[in-house]
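Here's the letter readout for the chains.
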Amino acid sequence: MKKTWIGIGLSILSVCSIGVLLFLGGCSKDEVEPQAIDPETDICVNCNMSVPDDQYATELVLADGKYMKFDDIGCMYKWMEKNPDENIEQGFVRDFNSKEWVDEEDATYVYGMEIETPMSFHVISFEDADDAKDYADSHSAKVMSYSDLENHKWVKEMKSGDHNM
């Protein structure tokens, strides 16, 4: 009888230990965070230009932990078009006003030919949808959601007089 109670006790202890380990394992997973931009060393993986630490910088974090940095939202989307098999964990854009990082899915975007961006894709991002709308209204531009970007035509559009980069 004693052996039975000991066996049951060990079984319960084993199940509880496994449950605790699974719970702690789930909690210890690191949340993906954007990486700081170093304008001295960071190069856009799409166009090979320097990535300034400004409101146009964007990042993708791949599932293997590698960070892909871009100087323009359009460069990020062009890279994704060229690399459809890459497993992307998270994307980040910058709020145009504050330059703070924003989850790309939570941002609101503005597209317009009057908007100057490093590679002339003319799309900027905002954390606050009202800020995006105000900017679009004052710049003859269009407000776009994250899902709108998937169908956006990512073409460099130089205004007349601009030089090719």
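Scroll up to find the structure this text is about.
Residues numbered from 1 in each chain as written. Predicted model: local features only at pLDDT ≥ 70, side-chain atom pairs only at ≥ 80, totals over all residues. Heavy atoms only, no water.

(A) Seen up close, the environment of Ser98. Looking at the element boundaries, Ser98 is found in the loop between β3 (88-94) and β4 (101-103). Overall, the relative accessible area of 38% leaves Ser98 in the partly exposed class. Sequence spacing of Ser98 and Glu127 is 29 residues, and the spatial spacing of their C-alpha atoms is 9.0 Å. In this structure the side chain of Ser98 is engaged in a polar contact, spanning 3.2 Å, whose partner is the backbone nitrogen of Glu100. (Helix = DSSP H or I, 4+ residues; strand = E, 2+ residues; numbered from the N terminus. Buried < 20%, exposed > 50% of the residue type's maximum accessible area, 1.4 Å probe, protein only. Polar contact = N/O pair within 3.5 Å; in protein donor to acceptor, adjacent residues only side chain to side chain.)

(B) Structural view of the sheet that holds strand β2 (residues 67-70). Spatially, β2-β1-β3-β4 is the arrangement adopted by the four strands of the open sheet, whose pairing is antiparallel. On the outer flanks of this sheet lie β2 and β4, each paired with one strand and no other. Strand-to-strand twist across the sheet, computed as the mean angle between neighbouring axes with direction ignored, equals 25°. In this sheet, β2 lies alongside strand β1 (residues 58-62) in antiparallel orientation, the contact comprising four bridges. Note that in β2 the partner of Thr58 across the bridge is Phe70. Running at roughly 30° to β1, helix α2 (residues 73-82) makes contact with β1, β2 and β3 of the sheet. (Pairing = 2+ DSSP bridges. Axes fitted to C-alpha atoms, helices over the stretch in contact; angles between N-to-C directions. Contact = heavy atoms within 4.5 Å.)

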